[in-house]
Amino acid sequence: MDIQEIIVAIIVGFCILRVALRIVRYFKRIKNNNSSCGCCCSGCALKETHGASTCCCKKIEEKSRKS
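Residues numbered from 1 in each chain as written. Predicted model: local features only at pLDDT ≥ 70, side-chain atom pairs only at ≥ 80, totals over all residues. Heavy atoms only, no water.

Enquirer: Talk me through the overall build of the chain; I want residue IDs and the actual numbers.
Expert: Of the regular secondary structure elements, the chain holds two helices and zero strands. When burial is assessed residue by residue, the chain has 1% of its 67 residues classed as buried. As displayed, the chain offers around 6,300 Å² of accessible surface, 64% of which is attributable to carbon and sulfur atoms. (Helix = DSSP H or I, 4+ residues; strand = E, 2+ residues; numbered from the N terminus. Buried < 20%, exposed > 50% of the residue type's maximum accessible area, 1.4 Å probe, protein only. Areas by Shrake-Rupley, 256 points an atom, 1.4 Å probe, with all protein chains shown as cover.)

Enquirer: Please give an account of a positive patch on the surface that cites residues and values.
Expert: A surface patch of like charges, here positive, comprises R18, R22, R25 and R29. Residue position: R22 is located in helix α1 (residues 3-32). Given the relative accessible area of 48%, R22 is considered partly exposed. (Patch = residues over 30% accessible without salt bridge, like charges linked within 9 Å, V, L, I, M, F, W, Y side chains within 5 Å. Salt bridge = Lys/Arg side-chain N within 4 Å of Asp/Glu carboxyl O. Lys, Arg positive; Asp, Glu negative; His and termini not counted. Charge placed at Lys NZ, Arg CZ, Asp CG, Glu CD.)

In structure tokens form, the structure reads like this:
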């Protein structure tokens, strides 16, 4: 093996390792979030519905505590 082939193999191995770690970190971040929309920054119907239901539930809880 030439030195060039060794260097290329090291670079390719580093790239594969980096991609694998980013994929694992992505799924770990999703697993740690309570909602499925926790990692999204764009608005969508599911995120808005989830936010509205959470807000509604909080208002109901506050009313029941006051009573």
